[in-house]
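# Coordinates in review
Read off the chains here:
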Amino acid sequence: MGLLTRILSLPISAPAGGALWIAGKIHEAAEAEWTDPAAIRRALTALEQELEAGRISEEAFEDAELMLLQRLKAAKS
């Protein structure tokens, strides 16, 4: 009976399992990008360019820079 139930529920369980697998892969990729020191350094460079171009304030720069530096420190440990 267990095999029959699994076979009959396959049209419902297979897409749900696939969606969970995809969500897991997206989470892994986002986590890797979040902790990648090179990506954080690129974000710091882009942030500095935004400040120099006058698109963000000094205060916004300092807040974002602090967050990025904390991420970089956490990524290295």
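In this report, the structure presented in the accompanying data block is examined. (Residues numbered from 1 in each chain as written. Predicted model: local features only at pLDDT ≥ 70, side-chain atom pairs only at ≥ 80, totals over all residues. Heavy atoms only, no water.)

A word on the packing of aromatic side chains. Two descriptors summarise a pair of aromatic rings, namely the distance from one centre to the other and the angle between the planes of the rings. In this structure the tally under the stated criterion is zero aromatic pairs. We note Arg71 situated over the ring of Trp34; from NZ or CZ to the ring centre the distance is 3.7 Å. (Phe/Tyr/Trp six-rings, centres within 6.5 Å; stacked < 30°, edge-to-face > 60°. Lys NZ or Arg CZ within 6 Å of the ring centre and 35° of its normal.)

The next subject is the nonpolar core. Note that soluble globular proteins tend to have their nonpolar side chains buried in a common cluster. Core analysis: the biggest nonpolar cluster contains six residues, these being Ile40, Leu44, Leu47, Phe61, Leu68 and Leu72. For this core, the elements supplying multiple residues, two or more each, are α2 (37–52) and α3 (58–76). Apart from the residues within four sequence positions on either side, Leu72 is in contact with Pro37, Ile40 and Arg41. (Core = buried A, V, L, I, M, F, W, Y, C linked by side-chain atoms within 4.5 Å. Buried < 20%, exposed > 50% of the residue type's maximum accessible area, 1.4 Å probe, protein only. Helix = DSSP H or I, 4+ residues; strand = E, 2+ residues; numbered from the N terminus. Contact = heavy atoms within 4.5 Å.)

So, on to α2. Between its first and last C-alpha atoms α2 spans 23 Å; for 16 residues at 1.5 Å apiece the expected length is 22 Å, and the two agree. Within α2, burial applies to Ala39, Ile40, Leu44 and Leu47. Taken around the axis of α2, the buried residues stretch over an arc of 145°, which confines them to a single face. Structural note: α2 exposes Arg42 and Glu52 on the side pointing more than 90 degrees away from its buried face. Buried residues in α2 make contact with α1 (2–35) and α3. Looking at the residues trailing α2, positive phi occurs at Gly54, about 80°. (Expected span 1.5 Å × (residues − 1). Arc of directions from axis to C-beta.)

With that settled, the discussion passes to a nonpolar patch on the surface. There is a patch of nonpolar side chains on the surface, built from Trp21, Ile22 and Ile26 and spanning about 360 Å² of accessible area. Looking at the element boundaries, Trp21 is found in helix α1. (Patch = residues over 30% accessible without salt bridge, like charges linked within 9 Å, V, L, I, M, F, W, Y side chains within 5 Å. Areas by Shrake-Rupley, 256 points an atom, 1.4 Å probe, with all protein chains shown as cover. Salt bridge = Lys/Arg side-chain N within 4 Å of Asp/Glu carboxyl O.)

We now examine the pattern of salt bridges. Under the counting rule described, the total for this entry stands at two salt bridges. With its nearest N and O atoms 3.7 Å apart, the salt bridge here joins Glu28 to Lys25. In this pair, Glu28 and Lys25 both sit in helix α1, three residues apart, roughly one turn of the helix. Two residues, Glu50 and Arg55, come together in a salt bridge whose shortest N-O distance is 3.1 Å.

What follows concerns the packing of α2 against α3. Packing of α2 against α3 brings their axes to within 10 Å, and their N-to-C directions diverge by 170°. When the axes of α2 and α3 are compared, the pair comes out roughly antiparallel. Of the residues in α3, those in contact with Pro37, Ile40, Arg41, Ala43, Leu44, Leu47, Glu48 and Leu51 of α2 are Glu58, Phe61, Ala64, Glu65, Leu68, Leu69, Arg71, Leu72, Ala75 and Lys76. Grouping the constituent residues of the contact of α2 with α3 by class yields 12 nonpolar, no polar and six charged. (Axes fitted to C-alpha atoms, helices over the stretch in contact; angles between N-to-C directions. Parallel < 35°, antiparallel > 145°, perpendicular 65-115°, else oblique. Nonpolar A, V, L, I, M, F, W, Y, C, P; charged D, E, K, R; others polar.)

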